[in-house]
Every structure is written in C-alpha cells, then in structure tokens.
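Each chain is listed here by its residues.
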Amino acid sequence: MNTKSTTKRRSEGKSASYLLDTQVGFILRQALQRHATIFVDHMGEDLTMTQWAALSKLLEKGPCSQNLLGRYTAMDAATIKGVVERLVRRGLVETNPDPDDGRRLLVTLTADGAAQTERWIPAAHEITKETLSPLTKDERAQFLALLSRLK
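The text that follows walks through the structure, step by step, so that each part is easy to find. This one's a predicted model, so the numbers in the text were calculated from it and none came from an experiment. (Residues numbered from 1 in each chain as written. Predicted model: local features only at pLDDT ≥ 70, side-chain atom pairs only at ≥ 80, totals over all residues. Heavy atoms only, no water.)

1. Structural notes on a nonpolar patch on the surface
Where nonpolar side chains cluster on the molecular surface, the patch consists of Val-24, Leu-28, Phe-143, Leu-144, Leu-147 and Leu-150 and spans about 530 Å² of accessible area. Elements with a contribution of two residues or more to the nonpolar patch: helix 2 (24-43) and helix 7 (137-149). For the nonpolar patch, the leading source of residues is helix 7, giving three residues. As for its position among the elements, Leu-147 is in helix 7. Taking the relative accessible area as the measure of exposure, Leu-147 reaches 30% and is therefore partly exposed. (Patch = residues over 30% accessible without salt bridge, like charges linked within 9 Å, V, L, I, M, F, W, Y side chains within 5 Å. Areas by Shrake-Rupley, 256 points an atom, 1.4 Å probe, with all protein chains shown as cover. Salt bridge = Lys/Arg side-chain N within 4 Å of Asp/Glu carboxyl O. Helix = DSSP H or I, 4+ residues; strand = E, 2+ residues; numbered from the N terminus. Buried < 20%, exposed > 50% of the residue type's maximum accessible area, 1.4 Å probe, protein only.)

2. Some words on the side chain of Ser-65
Inspection of the secondary structure assignment puts Ser-65 in strand 1 (residues 64-65). For Ser-65, a relative accessible area of 8% gives the class buried. From its side chain, Ser-65 meets the backbone nitrogen of Leu-68 in a polar contact 2.9 Å long. Look past the residues within four positions of Ser-65 in its chain and what remains in contact with it is Arg-104, Leu-105, Leu-106 and Val-107. (Polar contact = N/O pair within 3.5 Å; in protein donor to acceptor, adjacent residues only side chain to side chain. Contact = heavy atoms within 4.5 Å.)

3. Brief notes about the pairing of strand 3 (residues 101-109)
Across two bridges, strand 1 lies against strand 3 in antiparallel orientation. Its bridge partner being in strand 3, Ser-65 is matched across the sheet by Leu-106. Taken together, the six bridges between strand 2 (residues 93-98) and strand 3 define a ladder with antiparallel strand orientation. Bridge pairing links Thr-95 to Val-107 in strand 3. The antiparallel hairpin formed by strand 2 and strand 3 contains two residues in its connecting segment. (Pairing = 2+ DSSP bridges.)

Function cannot be read off these values alone, since they describe shape.
Have a look at this one:
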C-alpha cells in the first residue's frame with residue numbers, strides 16, 4: 001500500500017470525527033496557557049508557577065522533606081529537586097539533613113523566603129480571580145469542584 005493512499009484515507013471521514021478543539025486535553029492546555037500568562041503578568045518572570053507552589057506549600061505546612069514537598073505540590077522527584085535548588089540559590093529556602101533521618105533532606109523557608117511568600121499572596125489571589133473571571137461565582141465553585149474530581 002502506498003503512503004499517498006493511506007494518507008488520503010486518513011484524511012477522509014475519520015478526521016472529522018476527532019475535533020481537537022473539543023478535546024479536554026487541548027482545552028485544558030489552552031486554559032493553562034492563559035493562566036500562565038496571567039501568572040507572569042502578576043508575579044513576573046523571576047518566579048515560576050512550580051516555585052510558587054513550593055513556596056506557598058512550605059508556608060502552609062512548614063518544613064518538610066523534599067520528597068513530601070514534591071508530593072504536596074504534585075511534582076516528580078527530578079522536578080522538585082530542580083525547583084528547590086533554584087529556590088536555595090535565590091535564598092528563599094534552605095535545605096538541611098533531617099535530624100531523624102540523615103538520608104532525607106528537609107526544606108525550610110528562610111526568613112526572606114517567608115516574607116516574600118507572604119508579600120506574593122495578594123498577587124496569587126488576584127491571579128486566581130483573573131483566571132476565573134469569565135465565570136460566574138457559582139460557575140467558579142462548580143468548575144473548581146469538577147477539576148478537583150479529575151486529579
């Protein structure tokens with residue numbers, strides 16, 4: 001079978017049954033791109049969404065192992081390691097061996113990291129508000145509830 005006839009057959013009929021614009025992954029990616037743009041507009045390019053997730057979770061939970069922080073923020077081991085390393089270089093967090101288990105690394109906000117995180121909270125609320133702004137109050141609650149069920 002030649003490639004031209006295979007390609008022609010794929011483009012006839014079947015492609016009409018799959019419309020990318022209606023697929024959940026495509027729509028979620030577009031929504032995430034919009035949210036990321038709003039995030040940068042409010043937080044600037046010096047702070048990434050993954051860095052913010054780590055900082056805000058540390059402020060909420062307190063010191064924890066790097067592994068647990070990764071689980072709290074839905075990041076794999078390699079990603080959280082890189083995030084923590086960048087935050088350490090910026091002086092926002094510090095790492096120390098866990099006194100109860102020297103194999104574990106505890107991640108802690110520095111005083112500056114805690115202060116910066118506190119200062120960024122109003123911007124984070126504004127990011128959420130702006131991201132959800134096309135929805136009514138009831139739609140926002142429903143949307144967040146439905147998204148949570150997809151995790």
